Amino acid sequence: MNPSLRLLCLGRTAVEVAEAARTRGGWCAEVILGTSEALADTEGIPAEWSRADAVVVSLDPRGCRDAEDLDRVRSRLPGRPLVAVVQPGELSVAPDEILRRADDYLVADEAIGRTLERVVRFACEEKRFEDSLLRERDLFSRIWGRLTELVAVVGLDGRRLYSSPAYRRVLGDPAALLGTDSFREIHPEDEGRVRAMFAETMRTGAGKSVSFRFLLPDGTVRYIESEGTVVPGPDGRPDKLLVVGRDVTERWRMETELREREEFFRHISEAMTDLVAVVDLQGRRLYNSPSYRNLFGAEGPRPASDSFAEIHPDDRERIRRVFLETVETGQGQRAEFRFMLADGRVRYLESVGTVMRDAEGRPAKVLVVSRDTTERREAEKALAREHALLRTLIDRLPDFIFVKDTRGRFVVTNRAHARLVGFEDPNELVGKTDHEVFPPDLAARYTEDDEAVMGRGEELLNREEPVRHRDGRDLWVLTSKVPLRSPDGSIVGLVGMSRDITERRRTERQLRESQERLELVIRGSGDGVWDWDVVTNEAYFSPWWKGMLGYREDEIPNTFDGWFGLIHPDDRERSRAALQAYFDGSTATYELEHRLRHKDGTYRWILARGVALRDGQGRPLRMSGSHVDLTERRRTEARLREAARWESVTTLAAGVAHEVKNPLQTILLGVDYLAGRPWAAEGDAAELLASMRNAAHQADTIIRSLRDYAVQRQPQARPRDLNEVVSESIALMRYDCHRAGVELGARLAPRLPAVNVDSEQLNQVFWIVFRNALDAMARSTRARRLEVATGWTAGGSGGDGPTLAPPSPGGWVWVEVDDTGHGVPNDVLPRVFDLFFTTKSPGRGTGIGLALARRILELHGGTIQIANRPGGGARVTLTFPVTEPSPSQAP
Amino acid sequence: MNLPMPVNEPAPAPRRRILVVDDDADLTSVVRMILLDTGRYEVRVVNHPDLAAKAALQFLPHLVLLDVMMPGCDGGDVATQIRAHEATARTPIVFLTAAVTPEEARRGKIGGEVYLEKPVSREKLLEVVAAQVSPGAQVP
């Protein structure tokens, strides 16, 4: 049964017709009354109008009066069939106008009962069908338009007959493609293959899928996959080809990318030492990176095996729990465990798992990345052991050890240092600064040093500084600080070490004081002090010990050799023997007179006395003693001895000269008298008398020399140019030299400083020296030459002149007399100046000449020495102190 | 027998008188023999210095040979005594001495006096004596 309809009726006739229809037919459920005027001034429509299924309108004053009214009704009530009812003859609107605007129309007379119903129902049906068609077409159009498949219809000649809208995204406006060659855009490399496929499809009627590329005019390439289907013509033969294609460029790109990524990943996993594994949720192996071969050998792990199997039993359950937790929570945890190798060895692994999810987001697999930490753990263990060892070591040390960072905070300190500032545990001091643990003045001082060390990179070594102990004691420490550098060389702090030297300082001070006292006492006595550690060979020589030899404190090394090296070569063996004898116990005391070299090159006579400290076996451990300078005493003694000798000789000579000369005179004159007798003119008597005369002359010579020696007076000295005196003496000797066949040469240095001399005495000296030289050359077969040279040496020692002379502030004038004779035997040299010593045959030498020469030189404050010249012959050197014309010495 | 003097010689020049003063008798004896041996001198010897001045006055010598060092009195004193008398004030004196310095020895004079250093040879002695007593010599 048809459902009842609700009609909206506008206009009188419309209402009448509708009422009549409702009354008769019963198909009309309700009539809704209205007029078109209701549309005139309002935009909307009355609420009850919307319930209407169709609209019936009459062309009368209450309905629609004209075409515009119809348009209004139509626009306000869209989608509802509109049926117009017209009275014959009352057509205010042309019938074609009505038909164009309404869905149907009825003439009022005919509008009765079933006719209206049929018209309305038909109008409603038609309206519904039309709406449905419109909707479907719209839907199709939307779908077609959105379809991404490329759909084309291609003729037998390959020309396009249709291209779907999707082509727009590939080849541009589909309409423009109509009639174009469908092979035109295909990549030349692919064209042949596609044409072949096209031909085969047309021949067999069976389409096949083909992949090819479009090469677009702008150079881009699209990847296409398509399949053709033959469309037969009316005659059943292939007429067209329906081609459905798909642009797979994006897919292709993603696949390429994926492939590259996989390649990349494979390379990484092969190169990586980390262990990468994928396991399922039960822990079975799905993938293991190549690095697993390090654990499992060349074969690698068995696929699908239990990845927990090789974990150490003690760790296995813990790791399984971590695994399950990771799966459950999705949160990976880092875990370390032991891994048992097939050979029983253990490696330490550190792993972290990441849950991999399936498309639905459910956990599907677990990616496990592990690292072999065995070496690191062993290194850490070794480091820890070392650290513990170091810690123990520095905590045991009594020295204060600390490390500070650049801000002066303690980073490391040892127990001794912690206790110093009042902490038991060194860690309590960490992070604190000097200012928190030391009095402000000390802290400021330390900080200043720290800044120098860290700021300028300077090392501070062995600084003696005070420190205050927490218990209130003031200590002295010996501190060293060095910069602490990072591997790149930058300074990151400092390392310091302090040693408590309080006790040492005290001892040292006491020792020093005691030593100073001793030194003072001993110095008062004129002695130097020495102390020798026999075991280490270290020695101490007091300042005065060194001072008496002309040296400063630092000029003699404090060792045994510091002393031994200064000993006169001739005294060394004797000195060593004396020491040894005392060590051996063969002498009860150590007492040694020996010569030590003064800084000025001369030797001083030193009396050394000492006592040894011995161990239980009597071996000497150390020895201490004193030095006394005997030089002056020795000199005085020598002078006294010399003076005594001169005294006796003088006395003797004076007496002898007189007492002996008279008898000699008698003998000589007697001999002369007898020689004048005729019987004594020849023969034995003459010979005898000649011998007697010689003997008398020889006795006379001795007496004469003795007398000369004895009568020496103080020199009548006055400033002279020594060259003049030498020249005088040379002149006196010239005849003697000539007679002896000796060549005489003189090299006199010009402008000699004046010396205070008694020229008569000097003439005597030169006569003695020249005479000796002539005698020395008398039997020489070599060229006989006597060479006299003069010169002078500036004050102090050094220069090119003789160096054995004692110091003279004004320097020395020297004379050298060289001969080419037989020289002086070395064993004789030390005695040539001794009185009555001679090497000449009896009757030729008295042993007085050189002793006299030395006596005269000494009276002049000078020296005389004899040495053998390297080339043969002797050299006599005389020195005279230069007269100092110093105004301050004038009275 | 050989006589000391030839018979037929021209009349000899008058002998000069020499006074020899020395405490050493041996020495004066030899000096006397040497001087006499020349035949030109008359010699008197005095062995004690105290007697020297008196002997000189009696003998009036042409020359005095005087020892310097004698016990109790030295040559200088004797010379002073001799010259204290008018008769002997200008008599030349030659000193004989054993003690002179080398310089004095070289100069041959002590305090302006002529001297001979002992021991002196016969030639030297005669030479000096002859020079002092020769007629051409300056008589002091």
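For the structure itself, consult the block above.
All of the points below concern the structure found in this document. (Residues numbered from 1 in each chain as written. Chains lettered and ligands numbered in written order. Predicted model: local features only at pLDDT ≥ 70, side-chain atom pairs only at ≥ 80, totals over all residues. Heavy atoms only, no water.)

## Considering the overall build of chain A
Selection criterion: The numbering of helices and of strands both runs from the N terminus, where a helix is a DSSP run of H or I of at least 4 residues and a strand a run of E of at least 2. Partly exposed residues are those whose accessible area sits between 20% and 50% of the maximum for their type, while under 20% is buried and over 50% is exposed, using a 1.4 Å probe and protein chains only. Contacts between residues were defined by any pair of non-hydrogen atoms, one from each residue, lying within 4.5 Å. Throughout, the Shrake-Rupley method with a 1.4 Å probe supplies accessible areas, and for residues the shown protein chains are the sole cover considered.
In terms of helices and strands, chain A carries 23 helices and 32 strands. Expressed as a percentage of the 891 residues in chain A, the buried residues total 41%. Considering only residue pairs separated by 6 or more positions, chain A has 52% of its internal contacts joining residues 24 or more positions apart. Accessible surface for chain A amounts to roughly 50,100 Å². Of this, 53% is attributable to carbon and sulfur atoms.

## Points about the overall build of chain B
Counting its regular elements, chain B contains 5 helices and 6 strands. For chain B, the N- to C-terminal ordering of α and β elements is β-α-β-α-β-α-β-α-β-β-α. Evaluated residue by residue, chain B yields a buried proportion of 43% over its 140 residues. For chain B, contacts bridging at least 24 residues in sequence account for 61% of all contacts bridging at least 6. Of the roughly 7,600 Å² that chain B leaves accessible, carbon and sulfur atoms contribute 53%.

## Digging into the packing of aromatic side chains
All names here are of chain A. Short version of the rule: Between rings of Phe, Tyr and Trp, where Trp is taken as its six-membered ring, a pair exists when centres lie within 6.5 Å; planes separated by under 30 degrees are stacked, by over 60 edge-to-face, and by other angles tilted.
In total, this model carries 17 aromatic pairs over all chains according to the counting rule given. Taking 5.4 Å as the distance between ring centres and 80 degrees as the angle between the ring planes, the aromatic pair formed by Phe212 and Phe214 counts as edge-to-face. With respect to class, Phe212 is no different from Phe214; both count as buried. Summarising the aromatic geometry, the rings of Tyr292 and Phe296 are spaced 6.3 Å apart at their centres and angled 35 degrees between planes, so their arrangement reads as tilted.

## Some thoughts on the pairing of strand β25 (residues 620-629) of chain A
Residue and element names in this part refer to chain A. Short version of the rule: For two strands to be treated as a pair, DSSP must find no fewer than two bridges joining them.
Of the strand pairs in this sheet, strand β21 (residues 527-533) and β25 are connected by 7 bridges, and their pairing is antiparallel. By the bridge assignment, Trp530 is partnered in β25 with Gly625. Where strand β24 (residues 603-614) hands over to β25, the hairpin turn is made up of 5 residues, of which Gly618 adopts a positive phi near 85 degrees.

## Overview of the pattern of salt bridges
It is possible for side chains bearing opposite charge to pair when their charged atoms get close. Residue and element names in this part refer to chain A. Put simply, the rule is: Salt bridges, as used here, are contacts in which a Lys or Arg side-chain nitrogen is within 4 Å of a carboxyl oxygen on Asp or Glu.
Applying the stated criterion across every chain, the model contains 79 salt bridges over all chains. Here Arg376 and Glu380 are joined by a salt bridge, their closest N and O atoms 3.5 Å apart. In this pair, Arg376 and Glu380 both sit in helix α10 (residues 374-396), 4 residues apart, roughly one turn of the helix. The partner of Arg785 in a salt bridge is Glu787, with the nearest N and O atoms 2.4 Å apart. Taken together, the salt bridges that share partners define one network made up of Glu189, Asp190, Arg193 and Arg213.

## Points about the interface of chain A and chain B
Quick note on the threshold: Summed over both partners, the accessible surface that disappears when two parts come together, traced with a 1.4 Å probe, is what is meant by buried area. Counting of polar contacts relies on pairs of N or O atoms within 3.5 Å, with two restrictions inside protein: one atom must be capable of donating a hydrogen and the other of accepting it, and residues adjacent in sequence are counted only when both atoms are side-chain atoms.
Taken together, the 21 residues of chain A in the interface contact 25 residues of chain B. Both faces considered, chain A and chain B share a buried interface measuring about 2,000 Å² in area, 60% of it formed by carbon and sulfur atoms. At the boundary of chain A with chain B, the tally comes to 2 salt bridges. A salt bridge links Asp37(B) to Arg677(A), with the nearest nitrogen and oxygen atoms 2.2 Å apart. Where chain A packs against chain B, one counts 6 residue pairs in polar contact (both at pLDDT 80 or more). Looking at the side of chain A that touches chain B, the elements that each hand over two or more residues are α19 (631-675) and α20 (683-710) of chain A.

## Describing the packing of helix α1 (residues 25-38) of chain B against helix α5 (residues 122-133) of chain B
Residues and elements named next belong to chain B. Stated precisely, the cut-off is as follows: Between the N-to-C directions of two axes lies an angle of 0 to 180 degrees, each axis being a line fitted to C-alpha atoms and, for a helix, fitted only over the stretch in contact. The hand of a helix crossing depends on one turn: near helix anticlockwise from the far one by less than a right angle means left-handed, and clockwise means right-handed. Classification used: nonpolar for Ala, Val, Leu, Ile, Met, Phe, Trp, Tyr, Cys and Pro, charged for Asp, Glu, Lys and Arg, polar for all others including Gly.
At their nearest, the axes of α1 and α5 sit 11 Å apart, and the two run at 65 degrees to each other. At the point where α1 passes α5, the crossing takes the right-handed sense. The residues of α5 that touch α1, namely those facing Val31, Ile34, Leu35, Asp37 and Thr38, are Arg122, Leu125, Leu126 and Val129. Classifying every residue of the contact of α1 with α5 gives 6 nonpolar, 1 polar and 2 charged.

## Describing the pairing of strand β14 (residues 346-357) of chain A
When a strand is regular, its side chains alternate between the sheet's two faces. All names here are of chain A. Where strand β13 (residues 334-340) meets β14, 7 bridges bridge the pair, whose relative direction is antiparallel. Pairing of Phe339 across the sheet is with Arg347, part of β14. Counted along the chain from β13 to the antiparallel partner β14, the turn is 5 residues long, and its residue Gly344 has a positive phi close to 95 degrees. In this structure, β14 lies alongside strand β15 (residues 363-372), joined through 9 bridges in antiparallel fashion. Looking across to β15, one finds that Met356 is bridged to Lys365.

## Let's talk about a nonpolar patch on the surface
Residue and element names in this part refer to chain A. The condition that has to hold: For patch building, the residue pool is restricted to those with more than 30% relative accessible area and no salt bridge; the joining distance is 9 Å between like charges and 5 Å between nonpolar side chains (Val, Leu, Ile, Met, Phe, Trp, Tyr).
A cluster of nonpolar side chains, contributed by Val535, Leu613 and Leu621, occupies part of the molecular surface with about 280 Å² of accessible area. Here Leu621 lies in strand β25. Judged by relative accessible area, which is 33%, Leu621 ranks as partly exposed.

## Observations concerning the side chain of Lys546(A)
Residue and element names in this part refer to chain A. Tracing the backbone shows Lys546 in helix α16 (residues 543-547). On the accessibility criterion, Lys546 (0% relative accessible area) is buried. Among the polar contacts made by the side chain of Lys546, one reaches the main-chain carbonyl oxygen of Glu553 at a distance of 2.7 Å. Excluding residues that lie within four positions of it along the chain, Lys546 makes contacts with Phe541, Tyr551, Arg552, Glu553, Ile556 and Asn558.

## Things to note about the nonpolar core
All names here are of chain A. Note the following rule: Side-chain atoms within 4.5 Å link the members of a nonpolar core, which is a set of buried Ala, Val, Leu, Ile, Met, Phe, Trp, Tyr and Cys residues.
Residues Leu722, Val815, Val817, Leu878 and Phe880 are the most contacted members of the largest nonpolar core, which totals 41 residues. Of all elements in the fold, only α21 (722-740), β28 (755-757), α22 (759-777), β29 (785-793), β30 (812-819), α23 (849-859), β31 (863-868) and β32 (874-881) reach the threshold of two or more residues within this core. Looking at which element gives the most residues to this core, the answer is α22, with 9 residues. Setting aside its immediate chain neighbours within four residues, Val817 contacts Val769, Phe770, Leu786, Glu787, Val788, Ala874, Arg875, Val876 and Leu878. Judged by nonpolar contacts, the second largest core, of 26 residues, contains Trp563, Leu566, Phe583 and Leu596.

## Section: helix α14 (residues 440-456) of chain A
Residue and element names in this part refer to chain A. For clarity, the threshold we go by: To estimate the expected span of a helix, count its residues, drop one, and scale the result by 1.5 Å.
Helix length check: α14, at 17 residues, gives a terminal C-alpha distance of 24 Å against a target of 24 Å (1.5 Å per residue), a fit within 8%. Every buried residue of α14 is listed here: Leu442, Ala443, Tyr446, Asp449, Asp450, Ala452, Val453 and Met454. In the core, the buried residues of α14 are packed alongside β16 (400-405), α13 (434-437), β18 (460-468), β19 (474-485) and β20 (491-500). Within two residues after α14, Gly457 carries a phi angle of roughly 70 degrees, on the positive side.

## Describing unusual backbone geometry
Residue and element names in this part refer to chain B. Here the amide bond leading from Lys118 into Pro119 is cis, since omega sits at -10 degrees, within 30 degrees of zero. Along the chain, Pro119 falls in the loop between β6 (113-117) and α5. Look at Leu60: it is not a glycine, yet its phi comes out positive at around 45 degrees. In this fold, Leu60 is placed in the loop between α2 (52-59) and β3 (63-67). For Leu60, a relative accessible area of 37% translates into the label partly exposed.

## A few points about the packing of α22(A) against α23(A)
Axes are the key here: two packed helices are described by the angle between their axes and the distance separating the axes. Residue and element names in this part refer to chain A. Two elements in contact, α22 and α23, have axes separated by 9 Å at closest approach and are oriented at 145 degrees. Remark: the crossing between α22 and α23 carries left-handed chirality. In this structure, α22 uses Gln761, Leu762, Gln764, Val765, Ile768 and Asn772 to contact α23, whose residues at the interface are Gly849, Leu850, Leu852, Ala853, Ile856 and Leu857. Among the residues making up the contact of α22 with α23, the classes are represented as 8 nonpolar, 4 polar and no charged.

## Quick notes on the sheet that holds β31(A)
Residue and element names in this part refer to chain A. With respect to topology, 5 strands assemble into an open sheet ordered β27-β29-β30-β32-β31, the strand pairing being mixed. At either end of the open sheet lies a strand with only one pairing partner, and these are β27 (743-747) and β31. Each strand axis lies, on average, 15 degrees off the axis of its neighbour in the sheet, ignoring direction. When β27 meets β29, the two strands line up parallel, connected through 5 bridges.

## Topic: the sheet that holds strand β6 (residues 150-155) of chain A
All names here are of chain A. One open sheet holds the 5 strands; their spatial order is β7-β6-β10-β9-β8, and the pairing between them is antiparallel. On the outer flanks of this sheet lie β7 (160-163) and β8 (209-215), each paired with one strand and no other. Strand-to-strand twist across the sheet, computed as the mean angle between neighbouring axes with direction ignored, equals 30 degrees. Here β6 pairs with strand β10 (residues 238-247) via 6 bridges, running antiparallel. If you follow Gly155 over to β10, its bridge partner there is Lys240. Docked against the sheet, helix α6 (residues 188-204) engages β6, β8, β9 (221-232) and β10, running at close to 140 degrees with respect to β8. Here helix α7 (residues 249-271) sits on the sheet and contacts β9 and β10; the angle it forms with β9, its principal contact strand, is near 135 degrees.

Any functional reading would require information beyond the geometric quantities listed.
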